[in-house]
Amino acid sequence: MRVLGIDPGLRNLGWGVIDVAGSRLSHVANGIIRSEGEEIGERLLTLFTALTRVVAEFAPTAAAVEQTFVNKDGAGTLKLGQARGIAMLVPAQAGLAVGEYAPNAVKKAVVGVGHADKAQVAHMVRFQLPGVELAGPDAADALAVAICHAHHLQSAGRIAAALKGAA
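Everything numeric in this text was worked out from a predicted model, so none of it was measured. (Residues numbered from 1 in each chain as written. Predicted model: local features only at pLDDT ≥ 70, side-chain atom pairs only at ≥ 80, totals over all residues. Heavy atoms only, no water.)

Go over the packing of aromatic side chains, please, and point to the residues and values.
This structure, assessed with the given rule, holds 1 aromatic pair. Between the aromatic rings of Trp15 and Phe58, the centroid separation amounts to 5.5 Å while the plane-to-plane angle is 35°, which identifies the pairing as tilted. Note that Trp15 is positioned in strand 2 (residues 12–21) and Phe58 in helix 1 (residues 40–58), a separation of 43 residues in sequence. Of the two residues examined, Trp15 and Phe58, each falls in the buried class. (Phe/Tyr/Trp six-rings, centres within 6.5 Å; stacked < 30°, edge-to-face > 60°. Helix = DSSP H or I, 4+ residues; strand = E, 2+ residues; numbered from the N terminus. Buried < 20%, exposed > 50% of the residue type's maximum accessible area, 1.4 Å probe, protein only.)

Put into structure tokens, the structure is as follows:
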């Protein structure tokens, strides 16, 4: 299984791709898409086009996006939500179901605590994906989303197998 994780942002959208074979995770690629343009429409188009290329190049079989948290700046939250819409649309357009995870759930899955800082997340991503060269903090967060989704899918598979065996 190949998992695409996305850390949405209007200026910088992090992405990371991992392969999952049983309990083994391996790094495929990661990067940061930097939006271009002054107007929001141009910036969203940049994100859409570049993320579409990532999906076409790496052909993930599963995808997940970090959920947006609401902050004090309503306009900023709305703009982030628009970028998140692009992050969900592109994999969905490729026929993938898109998982969503709260930032604290991602941190708990990767670091073990829900209030870890970015440095702790990056450290644990490097630990779980030996030899990975991170494109930056947004890419590390995206890989963490992919790892969280992989764990979730594995757990769901084990539960489904157990239920099937009990039937």
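Can you break down the confidence of the model for the protein chain residue by residue, with the values?
Per-residue confidence for the protein chain gives a mean pLDDT of 91; residues scoring 70 or more make up 92%. Here helix 5 (residues 137–166) stands out as the least confident element of the protein chain, with mean pLDDT 80; strand 1 (residues 2–7) is the most confident, with 98. (pLDDT = per-residue confidence, 0-100.)

With reference to specific residues and values, describe the packing of helix 1 against helix 2 (residues 74–93).
Two numbers describe how helix 1 lies on helix 2: the axes approach to 9 Å, and their chain directions differ by 30°. By the criterion of interaxial angle, the relationship of helix 1 to helix 2 is roughly parallel. You can see that helix 1 and helix 2 cross each other, and the crossing is right-handed. Where helix 1 approaches helix 2, its residues Ile40, Leu44, Leu47, Phe48, Leu51, Thr52 and Val55 are matched on the opposing element by Lys79, Gln82, Ala83, Ile86, Ala87, Leu89, Val90 and Gln93. In terms of residue class, the contact of helix 1 with helix 2 is built from 11 nonpolar, 3 polar and 1 charged. (Axes fitted to C-alpha atoms, helices over the stretch in contact; angles between N-to-C directions. Parallel < 35°, antiparallel > 145°, perpendicular 65-115°, else oblique. Left-handed = near helix turned anticlockwise from the far one by under 90°. Contact = heavy atoms within 4.5 Å. Nonpolar A, V, L, I, M, F, W, Y, C, P; charged D, E, K, R; others polar.)

Tell me what's going on with unusual backbone geometry, and back it up with residues and numbers.
If a residue is not glycine, its phi is most likely negative; likewise, a peptide bond is most likely trans. The phi torsion at Ala59 lies on the positive side, around 45°, for a residue other than glycine. The topology assignment puts Ala59 in the loop between helix 1 and strand 4 (62–66).

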